[in-house]
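# Examining the three-dimensional arrangement
Residue strings, one per chain:
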Amino acid sequence: MKKATTLSLLLLALMLAGCKTNHLTEQQRYERSVLKELPFAVDSISWLTSGNLPAFRFANAEYANASPDAEIHPDGDYWVCNMFDAEPPAHQTEENIWRNVLVSRKNRRVVCIDRYLRNGRTVGYCYVFQSERKEYPTYGTLHWDVSDSRNIEMVGVMLDDLKGLALKRHQANTAELSSPASQDDYWYLFFHADSLFDARLYDEARHVYDLAFSDDRYILPSQLSTTANKMASIGDNQAALAYLRHRIALEKDFYEAPSITSHAELKDTFEVRSCQWNYDLALKETLENIFERDQYNRLLWSQAVKNHPGDTERNERLARKALMTDSLNLILVDEILSQHGFPRKEQVGDFGNQAVWLVFQHADLDYQKRFLPQLESAVSRGDIAPVFLALLRDRIDVREGRPQRYGTQINDKGNLAPLLDASCVNKWRQEVGLPPIEQFENRNK
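Description of the structure in this document. (Residues numbered from 1 in each chain as written. Predicted model: local features only at pLDDT ≥ 70, side-chain atom pairs only at ≥ 80, totals over all residues. Heavy atoms only, no water.)

## A few points about helix 12 (residues 365-381)
Here helix 12 is 17 residues long and its end C-alpha atoms lie 25 Å apart, about the 24 Å a rise of 1.5 Å per residue gives. Restricting attention to buried positions, one finds in helix 12 the residues Gln368, Phe371, Leu372, Leu375, Ala378 and Val379. Structurally, helix 12 contributes buried residues whose contacts are with helix 10 (312-340), helix 11 (345-361) and helix 13 (386-399). Just beyond helix 12, the residue with positive phi is Gly382, at close to 85°. (Helix = DSSP H or I, 4+ residues; strand = E, 2+ residues; numbered from the N terminus. Expected span 1.5 Å × (residues − 1). Buried < 20%, exposed > 50% of the residue type's maximum accessible area, 1.4 Å probe, protein only. Contact = heavy atoms within 4.5 Å.)

Following this line, the structure appears as structure tokens:
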């Protein structure tokens, strides 16, 4: 009887174990089958959101010393181990990437593992080239057999492409990045995040976007929406939602059209705000995009000149792009002013109005002089703050060779342009909401 009971318990345990396995999701089964093929155990994994190639990031608490098949050096050199008399390196360094490539004929796939050494522990990325199999129909299928030796050349090309990606990830992970401490820091982080996103390093890009947005003082609010749209385009709706919520917290009058928003979680908030503000959302979004393009291309150019002064060809290309953006923005704003007049604050909010001013601040002198009366009327109606009128008046005066009233402009040598009356300048500045001239001079030293 005792033996029968023991056998029954064993059968029950096996049945429960089988049930547990049967309840695994397709991704979990796929994940388990891939992990079994790795030459070392991993402590944690997280699947990436990038592209059409299944990939996950892994980490170990300690150093995994399994021999590599190849070593990738920072300059891109590819050193193949276990070839003829070549011995694999005894220990990995933080400068080099260790790569293992596993071919599974049984599962008809190739697994590429790129390992990095960080503070004495192994971290890395695993990429899976999966031939079409009914077991895993939605995870990285290719309609040809990657494990067939006749296709080795094609697989080699794919692995070589991954070498560039491995080096980019290496650079991204070794960069010393922190929350912005200035407006320049913010733009540096944002440009860096965009470059990572363009390289399809989506998880690394999100990390840098999060750093850029970690201090509200420096954020250009429309970029939260721009970044949310990027994340939504790769299916990372959680990140998209987080960036939109950040903008909601940052701007009391921000909302999307409730009837067309793709984020059901925000619809109620957008309903309330749309009733309260009732903006012309199409016009507002157009102006915000103009503002963002103006700042993005101009500051990308100035940062490049500052950080890479010797790269003349690149800097000239960025300068041409910024000037082309200025021209396109001016055409758009000119059309808006012809059709709508200067946008009212109740139509587009503060940010939209400032976009119109910014475009003319960067325009030719004739355009600035033509725009000045419209800006004066807008200030008198309360549609835009007086400080913007002061800035444009100073720019026109300096361009025409007259002394400036408010002391907002510098000359070609980086010094403060001549003042109309130094004894009155702080009084005039206070009237339009500017700080004392001494603060402006100290900032530009």
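## Considering the packing of aromatic side chains
Inspection of the entire model under this criterion finds 25 aromatic pairs. Ring geometry for Phe213 versus Tyr243: centroids 5.5 Å apart, planes at 70°, classification edge-to-face. Taken as a pair, Phe213 in the loop between helix 5 (202-212) and helix 6 (222-233) and Tyr243 in helix 7 (residues 237-250) lie far apart in primary sequence, 30 residues in all. Considered together, Phe213 and Tyr243 belong to a single accessibility category, that of buried residues. Measuring from ring centre to ring centre gives 6.1 Å for Phe342 and Phe371, while their planes differ by 25°; the resulting arrangement is stacked. With Phe342 in the loop between helix 10 and helix 11 and Phe371 in helix 12, this residue pair connects regions lying 29 residues apart in the sequence. Put simply, the rings of Tyr186, Trp187, Phe190, Phe191, Tyr209, Phe213, Tyr243 and Tyr296 pair up and form one aromatic cluster. (Phe/Tyr/Trp six-rings, centres within 6.5 Å; stacked < 30°, edge-to-face > 60°.)

## Side note on the environment of Asp394
Topologically, Asp394 is positioned in helix 13. Along the backbone, Asp394 and Gln404 are ten residues apart, and their C-alpha atoms lie at a distance of 5.0 Å. For Asp394, the contacting residues outside a window of four places in its chain are Gln404, Arg405, Tyr406, Gly407, Thr408 and Gln409. A polar contact of 3.0 Å, which involves the side chain of Asp394, links it to the backbone nitrogen of Gly407. (Polar contact = N/O pair within 3.5 Å; in protein donor to acceptor, adjacent residues only side chain to side chain.)

## Some details on helix 7
Taking 1.5 Å of rise per residue, 14 residues should cover 20 Å, and helix 7 covers 20 Å from first to last C-alpha, within 8% of that figure. When helix 7 is considered as a whole, its buried residues turn out to be Ala239, Ala240, Leu241, Tyr243, Leu244, Arg247 and Ile248. Tucked inside the fold, the buried residues of helix 7 contact helix 5, helix 6, helix 8 (267-277), helix 9 (281-307) and helix 11.

## A closer look at the pairing of strand 2 (residues 55-59)
Within strand 2, four of the five residues are buried, which leaves the element mostly enclosed by the surrounding structure. Sheet analysis places strand 2 next to strand 7 (residues 121-131), joined by five bridges and oriented antiparallel. Each bridged residue has a counterpart across the sheet, and for Ala59 the counterpart in strand 7 is Val123. (Pairing = 2+ DSSP bridges.)

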